[in-house]
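As a plain string of letters, each chain reads:
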Amino acid sequence: MNFLRRLSRFIAPERRTVIGSIIAGLVFAGSGLIPPLLIRQILLWHADGTAAENAIGIIVIALVVAYMVRATARYAYGMLSHWAAYNVQHAMMVTLYRHIQTLPHRFFTDRRVGALVSRSVGDVETVEDFVAHGIPETVLAIALPSAMLVALFLINWPLALIAVLPMPFIIIFGRYLFPRIRSSWRLVRETMSGVTATVTEGIAGYAVVKAFGREREQLQQVEDRWNHYRTDIQRAQFFSLIPAGIIELVAGIGLILVVAVGGDLTLRDQIPVADLFVFVVYLGLIYQPIIQLAAISENIQKAMASTDRVFELLEIKSDLHEKPGATPPQRPVWSVEFDAVDFHYEANEPVLTDVSFRAEAGELVAIVGPTGVGKTTCAHLVPRFYDVHGGAVRMAGTDVRDVPITWLRTNISLVLQDVFLFAGTIRDNIAFGQANATEEQVVEAAHAANVDEFTSRLPDGYDSMIGERGVRLSGGQQQRISIARAILKNSPILILDEATSSVDAETEGLIHEALDRLTKERTTLVIAHRLATVRRADRIVVLRANTVAATGTHDELLDDGGWYADMVRRQEMNTHWKLKSGPVDRTHL
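Everything numeric in this text was worked out from a predicted model, so none of it was measured.

About the thresholds
Residues numbered from 1 in each chain as written. Predicted model: local features only at pLDDT ≥ 70, side-chain atom pairs only at ≥ 80, totals over all residues. Heavy atoms only, no water. Helix = DSSP H or I, 4+ residues; strand = E, 2+ residues; numbered from the N terminus. Buried < 20%, exposed > 50% of the residue type's maximum accessible area, 1.4 Å probe, protein only. Contact = heavy atoms within 4.5 Å. Areas by Shrake-Rupley, 256 points an atom, 1.4 Å probe, with all protein chains shown as cover. Core = buried A, V, L, I, M, F, W, Y, C linked by side-chain atoms within 4.5 Å. Phe/Tyr/Trp six-rings, centres within 6.5 Å; stacked < 30°, edge-to-face > 60°. Pairing = 2+ DSSP bridges. Axes fitted to C-alpha atoms, helices over the stretch in contact; angles between N-to-C directions. Patch = residues over 30% accessible without salt bridge, like charges linked within 9 Å, V, L, I, M, F, W, Y side chains within 5 Å. Salt bridge = Lys/Arg side-chain N within 4 Å of Asp/Glu carboxyl O. Lys, Arg positive; Asp, Glu negative; His and termini not counted. Charge placed at Lys NZ, Arg CZ, Asp CG, Glu CD. 1 Å grid on protein atoms, 1.4 Å probe; cavity = no way out; pocket = protein on both sides within 12 Å on 5 of 7 lines; lining within 4 Å. Points joined across faces, edges and corners; volume = space filled by probe spheres on them. Nonpolar A, V, L, I, M, F, W, Y, C, P; charged D, E, K, R; others polar. Arc of directions from axis to C-beta. Expected span 1.5 Å × (residues − 1).

**Q** Could you give an account of the overall build of the protein, with specific residues and numbers?
**A** Secondary structure summary: the protein contains 23 helices and ten strands in total. With 589 residues in all, the protein has 47% of them scored as buried. At a minimum sequence separation of 6, the contacts of the protein that also span at least 24 residues come to 79%. Summed over its atoms, the accessible surface of the protein is roughly 31000 Å², and 59% of this surface lies on carbon and sulfur atoms.

The following block contains the structure:
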């Protein structure tokens, strides 16, 4: 099966543990076959009167040993199977997350976070359940009935042949049902991904939901998703429970045939009662592993669907490839250059067309333009989140596609408008910029970014918990932590994407103080609209209609007129704009 072939990649390192659990399971199940045989012997002794004086004592000792072995094997079976399952789960989770980290920026922009969480956690957990129960139960469902059938054929092969007559029906129904069951559970896992994504987004965006009074609509959306999930899982359960019923029916038919034929033979003294007893007991036991397997077929089908989904994710390849033998420049001069760059996210929808500009080492270059002209895209092309479709982006005089990606990104610090902070302390988030940073370095970076301006007022200072995504902090405080993180990283190339777009004037002043320290002696690309940020630049690049419309200093672009001069005038007008006092005539609005 393709399913098991794929999964063997993770099970192979645990094969000894898995084999050990299977052996323990066989011993556990096999020891249950001994008591009926011992009781058969007692019945035979009773029938022919050949029992020795100490016969019952021997039988009792044998039963004690059998049940002690059974108890030990049961513990070993459960322990080893779960031990292997948890190791497989760990390996699969780490492998999957490592692979996700290699995927390009485009992959994450095209998918919902909740769906990825469902695959990387929920589907892997389902596979763990299969390894713990599905594999050993499957082996037992084959080995144990086979052993009992061999014993029955040795006791009385004609009666054993009658007992197995209904068994082929299990295989016939199984071949028809199991493909339907598998496809049903695959649909369930996909629907569950949608549910997880919707709930995750609703919780993450709770402030927006409440601010717009959209609780009812959001609840309706979640309820609709759950309705789809409920319908799909009920359909999957409908098919999954059929095999257990069929096996019970087949087992009943087999037992009825044995009682009818074997009972008649016993009454006519053609077979001993002891043999009929073993047949009845074993037929009750033969189908139990198969019934148990059918009972967990839901888990097996879930695991098959989940394995498909996990490996679909593992088989997604990054479209960013590191050039074989790529080496960093020996003596880099930290310039950044766009040379006739063309780029698009979707075919026939250009985002950048023939864009060319250069930031010399140590320069601060600002990129301005209307919304949607590709400013943030420029910021994403330098660290190679995407590859250009034409031209080249160069850092330190070398095409970014010709250097190791790790080296490239190690030498770039990003401060983005949408700050992402991890749940933890302020210290943890600053130290994220450099894993081996000392306490003194963290504090120094925090001081340079004006973080200590607000940490001094917090009871726990740098050890204050900030909540998920920094929810306990203001936007300006989050931004200063982001700047401290970049200062601590101490990269020669700095990219600032709208770092002060959503803060008040006082906070903007504190952030600009931090940015002045951060940009010193660094090559900096700044994407901004605010004059306070842009006019500091050594050179300003104006993007219009997805290409470079003008380049120059603040004063030069003002003298030239055009879009930049209009932007400056609009901002200056907004600075002096005031609300009119008194009521407003709204009759003509």
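**Q** Requested: an account of the nonpolar core, with residues and values cited.
**A** Soluble, globular proteins show a tendency: their nonpolar side chains are buried together. In terms of nonpolar packing, the biggest core is built from 44 residues, with L152, W185, V258, F279, Y282, I286 and Y287 touching the most fellow members. Taken together, the elements giving at least two residues each to this core come down to α2 (15–31), α6 (113–155), α7 (157–163), α8 (168–204), α10 (215–240), α11 (242–267) and α12 (273–295). For this core, the leading source of residues is α12, giving nine residues. Within the second largest apolar cluster, 38 residues are counted, among which are A446, A537, I540 and W563.

**Q** Lay out unusual backbone geometry with the relevant residues and their values.
**A** Phi at R384 takes a positive value of approximately 65°, unusual for a residue other than glycine. Here R384 is to be found in the loop between α14 (375–381) and β4 (390–395). Positive phi outside glycine occurs at N490, with the angle close to 60°. Mapped onto the elements of the fold, N490 is located in the loop between α19 (475–489) and β7 (493–497). Residue classification places N490 among the exposed positions, given a relative accessible area of 54%.

**Q** Describe the pairing of β7, listing the residues and the values that go with them.
**A** Where burial is concerned, most of β7 is hidden: five out of the five residues are buried. Alternating residues of β7 divide into I493, I495 and D497 and L494 and L496, and every residue in both groups is buried.

**Q** Tell me what's going on with the packing of aromatic side chains, and back it up with residues and numbers.
**A** A complete count under the given rule lists ten aromatic pairs for this structure. Taking the centre distance of 5.7 Å and the plane angle of 25° together, the rings of W334 and W407 count as stacked. With a gap of 73 residues between them, W334 in the loop between α13 (297–314) and β1 (336–346) and W407 in helix α15 (residues 405–410) connect regions that are remote in the sequence. Take W334 and W407: they sit in the same class, and that class is buried.

**Q** An account of the sheet that holds strand β6 (residues 412–415) is requested, with residue identities and associated values reported.
**A** Across the sheet, six strands lie side by side as β6-β7-β8-β3-β9-β10; this open sheet has mixed pairing. At either end of the open sheet lies a strand with only one pairing partner, and these are β6 and β10 (547–552). With direction set aside, neighbouring strand axes in the sheet form an average angle of 20°. One ladder, built from five bridges, connects β7 with strand β8 (residues 523–527); its direction is parallel.

**Q** Describe a negative patch on the surface, naming the residues involved and giving the relevant values.
**A** Negative charge collects at one region of the surface, where D555, E556, D559 and D560 lie side by side. Assignment of secondary structure puts D555 in helix α22 (residues 554–560). Taking relative accessible area as the criterion, D555 reaches 51% and is therefore assigned exposed.

**Q** Kindly report on the pattern of salt bridges, identifying the contributing residues and their values.
**A** A side chain of one charge can pair with a side chain of the opposite charge if their charged atoms are brought near each other. Within this structure, the stated rule accounts for 15 salt bridges. Residues D566 and R569 are paired through a salt bridge, measuring 2.2 Å at the closest nitrogen-oxygen approach. A residue pair is termed a helical-turn pair when its members lie 3 or 4 positions apart in one helix, as D566 and R569 do in helix α23 (residues 562–575) at three residues. The class for D566 is partly exposed, based on a relative accessible area of 32%.

**Q** Could you give an account of the environment of V64, naming the residues involved and the relevant values?
**A** By the secondary structure assignment, V64 is in helix α4 (residues 55–102). According to the relative accessible area criterion, V64 is partly exposed, its value standing at 44%. For the pair formed by V64 and P35, sequence separation is 29 residues and the distance between their alpha carbons is 9.9 Å.

**Q** So what's going on with empty space enclosed by the protein? Residues and values would help.
**A** For the structure on display, the rule yields one cavity of 30 Å³ or more. Class assignment for the residues of the lining of the largest cavity results in six nonpolar, no polar and three charged.

**Q** Explain the sheet that holds β4 to me, using residue names and the numbers behind them.
**A** Taking strand neighbours across the sheet as the criterion, the four strands line up as β2-β1-β4-β5 in an open arrangement whose pairing is antiparallel. For this open sheet the edge positions go to β2 (349–359) and β5 (398–399), each flanked by a neighbour on one side alone.

**Q** Please set out the environment of V127 residue by residue, giving values where relevant.
**A** Looking at the secondary structure, you find V127 in helix α6. Counting along the chain gives 39 residues from V127 to V88, while the straight-line C-alpha distance between them is 8.5 Å. In contact with V127, other than residues within four places in its own chain, are L7, M92, A303, S306 and T307.

**Q** Provide a residue-level description of helix α17 (residues 439–448), including the pertinent values.
**A** Those residues of α17 lying buried are V442, A445, A446 and A448. Here the buried residues of α17 occupy an arc of 165° about the axis, which is enough to place them on one side. Opposite the packed face of α17, turned more than 90 degrees from it, sit the exposed residues E440 and E444. The positive-phi residue at the C-terminal boundary of α17 is N450, with phi of around 65°.

**Q** Give a description of the pairing of β4 that names residues and reports values.
**A** Pairing between β1 and β4: five bridges, direction antiparallel. The residue bridging F338 from the neighbouring strand is V393, located in β4.

**Q** Give me the lowdown on α19, citing residues and values where you can.
**A** Over its 15 residues, α19 runs 21 Å from end to end, which matches the ideal 21 Å to within 8%, given 1.5 Å per residue. Among the 15 residues that make up α19, 13 are buried, leaving the element largely enclosed by the rest of the structure. N490 lies just past α19 and shows a positive phi near 60°.

**Q** Describe the side chain of S482, listing the residues and the values that go with them.
**A** Within the element layout of this structure, S482 appears in helix α19. When near neighbours in sequence (up to four residues on either side) are disregarded, S482 contacts V415 and V419.

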